[in-house]
Structure formats: structure tokens, C-alpha cells
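Overview (structure and organization)
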Amino acid sequence: MDDQSFSSMKYRVLSHIEAYRNRAAEPMDGTPMRGKPNAFWLFFLESLHSLRMTASVFPSSRDLASALAQPIDFARAANVVELGSGTGAVTREILKRLGPDTKLFAVEMIPAFIEHLEATCRDPRLILLAGSATDLQTLLAQHDVRSVDAVVSSLPLAAMDDETRLSILQQVGACLDPQGVMTQCQWEISKHKPGGFNEEGFLRSLFSEVQVKRVLLNLPPTLVFTCRKWISGNMRHFPPA
């Protein structure tokens, strides 16, 4: 790589980081951010000791958030679930597109992230669910919800053990409407890791239709899987890597 190419790449990366920081300072509900935690640094610091749960030290970019939300038919959606809301990078993109009467159920395990969303997002359509995606049906049942139209997941499936990710997808399959959609992201680099988890193969064994999109403007570059038509009862065997 010559000096000019390196400088260009460095500029794009630094601009991308600056965009993260600027967005972190934007309010979700139109109120001033004085005294509220900074989303960018909160995510970074929390990731230092919870990397297995966050899978990244950077929150999702706008491009990734848009790619995860774009496949959803918001005109017909009544209930949407987000798995792994973090500091709200994807949450805010979904809320921008959400209908006035649609509910967004955001599932998050890390207390600091939940507190941050409570402090920075007072949208009445957003319902925060503190808990694990392995208990999704139970969490939704507490709000009398049995079926959802879309599931948006930023969970690091590749970092989980087989039992946990299978349990999560069982929960998704049990509550996802037959016409619904699930979007799931994965670092592109992890797909090419020798002996790594075959996330695309895993999802294709569970859904009849899986589309893949690359999102380069994210740190790191990421794949987004759009999954439709859940295959009922096809959860017994784990697909080979």
C-alpha cells in the first residue's frame, strides 16, 4: 500500500470514528445531553470487560443500523424485537422508521446499557427488557405479546456455545410471525477464520430464505443476514463449520 492509499484509508477510519462520537452526543428524545453518559465511550469502556457479550469495542455504524432495519416491513409491523440493544445505535434507527402504534421490545443484559437507554431514550414505543434472549418468550409474555413481526439481532452468535445460540434461535422461531423477518449481523473477518463458526450455514439450516449483505462502513466490516420463512422443527442438528 503506497503512502497516498494509506493516508486515504486512515482518513476514512478516523472520520468513521468521529461520526460515532458525534452521534453519541445526539439526543434520542430531543432533550439536551448535559449530564447524560456518552454512548461511544460507555460502549467502549463496557466492552473492555464484556467483550464476549458486546463482540466489539465500537457501537454499530449508521450504515450497519440501516442495513439491519431496512428489510422490515414497518407498514405492517405491530411488534418488533431487538436483541442486544447496547447503547442504542440500532435502536434509534428502528425508532426512526417505526409506526406510531408499533412497539419495539429491546432485550439487553448489560445493566449500564439499560441505564443509558433509560436516560437517553424516552420514546413511549420503546420497551426495555432486562434479561437474556434465551428467555425471549417469557419476557414478551410479561407484556401479553406472543407473536412479533421482526427480530433484529446484534448478538455475537459466533462467540456463544452451541446450546446458547440454539436456545436463542428456538425462542425467535417460536415467536416470529410466519411472514416475519429476522436480521442478524456478523463480523466479516470471523466468517473466514479457520475452524470458526459457520453462521451463514447455521441460519440457512433454520430459515428457508437467507440473504447476505456486506456493510463496509462499520468497524469492523460486517455481514448482515436477512432471514425469512422459519423451518419449523429443524433444530436438532448443528450444521458443520
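Residues numbered from 1 in each chain as written. Predicted model: local features only at pLDDT ≥ 70, side-chain atom pairs only at ≥ 80, totals over all residues. Heavy atoms only, no water.

A short note on the packing of aromatic side chains
- By the definition in use, this model includes two aromatic pairs.
- The interplanar angle of 80° and the centroid separation of 5.2 Å between the aromatic rings of Phe207 and Trp230 together place this pair among those described as edge-to-face. Pair noted here: Phe207 is in strand E6 (residues 207-215) and Trp230 is in strand E7 (residues 222-230), with a separation of 23 residues, a long-range link.
- Over the ring of Phe197 we find Arg165, and its NZ or CZ is 3.6 Å from the ring centre. (Phe/Tyr/Trp six-rings, centres within 6.5 Å; stacked < 30°, edge-to-face > 60°. Helix = DSSP H or I, 4+ residues; strand = E, 2+ residues; numbered from the N terminus. Lys NZ or Arg CZ within 6 Å of the ring centre and 35° of its normal.)

Some thoughts on the pairing of strand E2 (residues 103-108)
- E2 sits mainly inside the fold: five of its six residues count as buried.
- Pairing between strand E1 (residues 79-83) and E2: five bridges, direction parallel. For Leu83, the partnering residue across the bridge sits in E2 and is Val107.
- Handedness of the crossover is the feature at issue here: the chain leaves E1, passes through helix H4 (residues 89-97), returns alongside E2, and the resulting connection is right-handed.
- Two strands pair when backbone bridges link them, and E2 and strand E3 (residues 126-130) are joined in this way by five bridges, in the parallel orientation. (Buried < 20%, exposed > 50% of the residue type's maximum accessible area, 1.4 Å probe, protein only. Pairing = 2+ DSSP bridges. Right-handed = clockwise from strand over helix to strand, strands pointing away.)

Points about the environment of Thr91
- Mapped onto the fold, Thr91 is located in helix H4.
- A relative accessible area of 0% places Thr91 in the buried class.
- The spacing of Thr91 and Val152 is 61 residues in sequence and 9.4 Å in space, taken between C-alpha atoms.
- Those residues within four positions of Thr91 in sequence are excluded, and the remaining contacts are Glu82, Ser85, Leu104 and Leu126.
- A polar atom in the side chain of Thr91 sits 2.6 Å from the side chain of Glu82. (Contact = heavy atoms within 4.5 Å. Polar contact = N/O pair within 3.5 Å; in protein donor to acceptor, adjacent residues only side chain to side chain.)

A word on the packing of helix H3 (residues 62-69) against H4
- Look at H3 against H4: their axes get within 9 Å of each other, and the N-to-C directions meet at 50°. Taken together, the axes of H3 and H4 lie oblique to each other. The element H3 and its partner H4 pack so that their crossing is right-handed. The residues of H4 that touch H3, namely those facing Ala65, Ser66, Leu68 and Ala69, are Ala89, Val90, Glu93, Ile94 and Arg97.
- Here the residues of the contact of H3 with H4 sort into six nonpolar, one polar and two charged. (Axes fitted to C-alpha atoms, helices over the stretch in contact; angles between N-to-C directions. Parallel < 35°, antiparallel > 145°, perpendicular 65-115°, else oblique. Left-handed = near helix turned anticlockwise from the far one by under 90°. Nonpolar A, V, L, I, M, F, W, Y, C, P; charged D, E, K, R; others polar.)

Overview of the pattern of salt bridges
- Per the counting criterion, the structure on display carries nine salt bridges.
- As a salt-bridge pair, Arg214 and Glu188 come within 3.0 Å of each other at their nearest N and O atoms. Of the two residues, Arg214 sits in strand E6 while Glu188 sits in helix H8 (residues 188-191), which places them 26 residues apart along the sequence.
- A relative accessible area of 15% places Glu188 in the buried class.
- Among the charged side chains, a salt-bridge network with shared partners connects Arg76, Asp149 and Asp177. (Salt bridge = Lys/Arg side-chain N within 4 Å of Asp/Glu carboxyl O.)

Quick word on H4
- Burial runs high along H4: seven of the nine residues are buried.
- All of the buried residues along H4 are Ala89, Val90, Thr91, Arg92, Glu93, Ile94 and Leu95.

A few points about the side chain of Glu108
- Relative to the assigned elements, Glu108 resides in strand E2.
- With residues up to four places along the chain from it excluded, the contact list for Glu108 reads Gly84, Ser85, Gly86, Phe113, Ile114, Leu129, Ala130 and Gly131.

Examining the environment of Pro124
- As for its placement among the helices and strands, Pro124 is situated in the loop between helix H5 (111-120) and E3.
- By relative accessible area, which is 66% here, Pro124 ends up exposed.
- With 22 residues separating them in the primary sequence, Pro124 and Thr102 have C-alpha atoms 9.9 Å apart.

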